[in-house]
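Listed here are the chains, written in short residue letters.
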Amino acid sequence: MKILVVGGAGYIGSHMLRRLQKTNYKVEVLDNLSTGYEENTLGFQFHKCDLANKDQLNSILQNNYDLVMHFASYINVGESYLYPQKYYENNVNNTMNLLNCMVDQKILNFIFSSSAAVYGDPGPSPISEEENINPVNPYGQTKAMVENILKDYDRAYGLKSTCLRYFNACGAHLDGTIGESHNPETHLIPLVLQAASGRKNSITVFGDDYTTKDGTCIRDYIHVMDLAEAHLLALDSLRSKQISNIYNIGNNIGFSVKEIIEIAEDVTQRKIKINIESRRKGDPAQLVANNKKIKEELNWTAQYSDLKTIISSAWQWEKKLLQSN
Ligand code: UFG
């Protein structure tokens, strides 16, 4: 089987490539390098291409792929409010370019990086896949739109897909060679660790007046290597069953922002300065996955998603980034 990993130079895509390296699948990578790093794709046939470039995309997709995994999207909720056009163009229009080329080339298997953001600000956690789709920000809208497009493309063109709704992806590869390097960084764990390493003075906590146990937001943190494993299981299931499906990928446990900071202080043995600010727009109080479906149907279990492993691996990566700066 031959797989094209779109967005393979980025954070989650590069961890996926590492996991795929241990399989017998033939794997190629497509990325425009707008946020990814070419060195993450070393050892793979690499196509530098922007999904907006339909001609180039069409010619690359003539390489007899059986399945496409799509990691290439913009992911910053705050930015999506400011520049919705950027988000709809890349996350929706460019994804449609990819899907249309796939249908033309009769590549009818697709794994899509969706998000817990499709649930918006849901009722009580944990949230199952049956929960209403009601995104509250443009980023979440783009993911929900692609999920809907995929339903129609299945009915009309027989394109079978698996949508994986990530909760909070985090951590770094345990071998210490790849990790999270967004620019600018907006995610909690890398920013907390930058405050521990001294690259930042403090961590800003966005709101301590939520109706949660300590007033700060609760999230379900899932190690990026567990995410990659879930993709592999989803891929095998999609190939053998040829049924479109949707799964949450989360750990079924929520941690507050303050708890993350406490565990980071413990792992790093550094004091982290906290600066409380008002709520960030579009942040739901609590997002925790019900992961029963992926556990039962794909036999997935999280191996690396205890918070100590997540934060130790991210800390190892932060120290590496600090040295290279
Ligand atoms: N937070 C802070 N300070 C910061 C950064 C974050 O207090 O400097 C808080 C946020 O308010 C939030 C929590 O930490 O309550 C986690 O924030 P992140 O920015 O790390 O992640 P989000 O939960 O906002 O979003 C992430 C992904 C989205 C995805 C979502 C699904 O970035 O793409 O998880 O749960 F949709």
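No experiment lies behind these values; they were computed from the predicted model shown. (Residues numbered from 1 in each chain as written. Predicted model: local features only at pLDDT ≥ 70, side-chain atom pairs only at ≥ 80, totals over all residues. Heavy atoms only, no water.)

### Quick look at helix α7 (residues 224-241)
Link 1 in the chain: The end-to-end C-alpha distance of α7, which contains 18 residues, comes to 25 Å, matching closely the 26 Å that a straight helix rising 1.5 Å per residue would cover.
Link 2 in the chain: Turning to α7, its buried residues number three or more, namely Val 224, Met 225, Asp 226, Leu 227, Ala 228, Ala 230, His 231, Leu 232, Ala 234, Leu 235, Ser 237 and Leu 238.
Link 3 in the chain: Positioned one or two residues after α7, Gln 242 has a phi angle of 55°, which is positive. (Helix = DSSP H or I, 4+ residues; strand = E, 2+ residues; numbered from the N terminus. Expected span 1.5 Å × (residues − 1). Buried < 20%, exposed > 50% of the residue type's maximum accessible area, 1.4 Å probe, protein only.)

### Considering unusual backbone geometry
Link 1 in the chain: Look at the link from Ser 125 to Pro 126: it is a cis peptide, with omega at -5°.
Link 2 in the chain: Position of Pro 126 relative to the elements: it lies in the loop between β5 (109-115) and α5 (138-157).
Link 3 in the chain: Put simply, Asn 183 and Pro 184 share a cis peptide bond, and its omega is 5°.
Link 4 in the chain: Within the secondary structure layout, Pro 184 lies in the loop between β7 (168-170) and α6 (188-197).
Link 5 in the chain: Look at Leu 33: it is not a glycine, yet its phi comes out positive at around 60°.
Link 6 in the chain: Here Leu 33 is to be found in the loop between β2 (26-31) and β3 (45-48).

### Points about the packing of helix α8 (residues 257-268) against helix α10 (residues 307-324)
Link 1 in the chain: Packing of α8 against α10 leaves a shortest axis separation of 10 Å and a crossing angle of 60°. As judged from the angle between their axes, α8 and α10 are oblique. The chirality of how α8 crosses α10 is right-handed. From α8, Ile 260, Ile 263, Ala 264, Asp 266, Val 267 and Thr 268 reach across to α10, where they touch Leu 307, Lys 308, Ile 311, Ser 312 and Trp 315.
Link 2 in the chain: Counted by class, the contact of α8 with α10 contains seven nonpolar, two polar and two charged residues. (Axes fitted to C-alpha atoms, helices over the stretch in contact; angles between N-to-C directions. Parallel < 35°, antiparallel > 145°, perpendicular 65-115°, else oblique. Left-handed = near helix turned anticlockwise from the far one by under 90°. Contact = heavy atoms within 4.5 Å. Nonpolar A, V, L, I, M, F, W, Y, C, P; charged D, E, K, R; others polar.)

### Comments concerning the domain arrangement of the chain
When the parts of a complex come together, some accessible area is lost, and that lost area is often used as the size of the interface.
Link 1 in the chain: On domain assignment, one finds that the chain holds domain 1 (2-168 + 223-249) and domain 2 (170-219 + 252-289 + 303-324).
Link 2 in the chain: Listed per partner, the contact involves 25 residues of domain 1 and 30 residues of domain 2.
Link 3 in the chain: Summing the contributions of domain 1 and of domain 2, the shared interface buries around 2400 Å²; its carbon and sulfur component is 57%.
Link 4 in the chain: The three residues of domain 1 that bury the most area against domain 2 are Tyr 11, Arg 18 and His 223, which together make up 27% of that side's buried surface.
Link 5 in the chain: Seen at the junction of domain 1 and domain 2, the total is one salt bridge.
Link 6 in the chain: For Asp 175, the salt bridge is made with Arg 18, and the minimal N-O distance between the two is 2.9 Å.
Link 7 in the chain: Across the domain 1-domain 2 interface, the total number found is 16 residue pairs in polar contact (both at pLDDT 80 or more). (Domains from an automatic or database assignment. Buried area = accessible area lost by both parts, 1.4 Å probe. Salt bridge = Lys/Arg side-chain N within 4 Å of Asp/Glu carboxyl O. Polar contact = N/O pair within 3.5 Å; in protein donor to acceptor, adjacent residues only side chain to side chain.)

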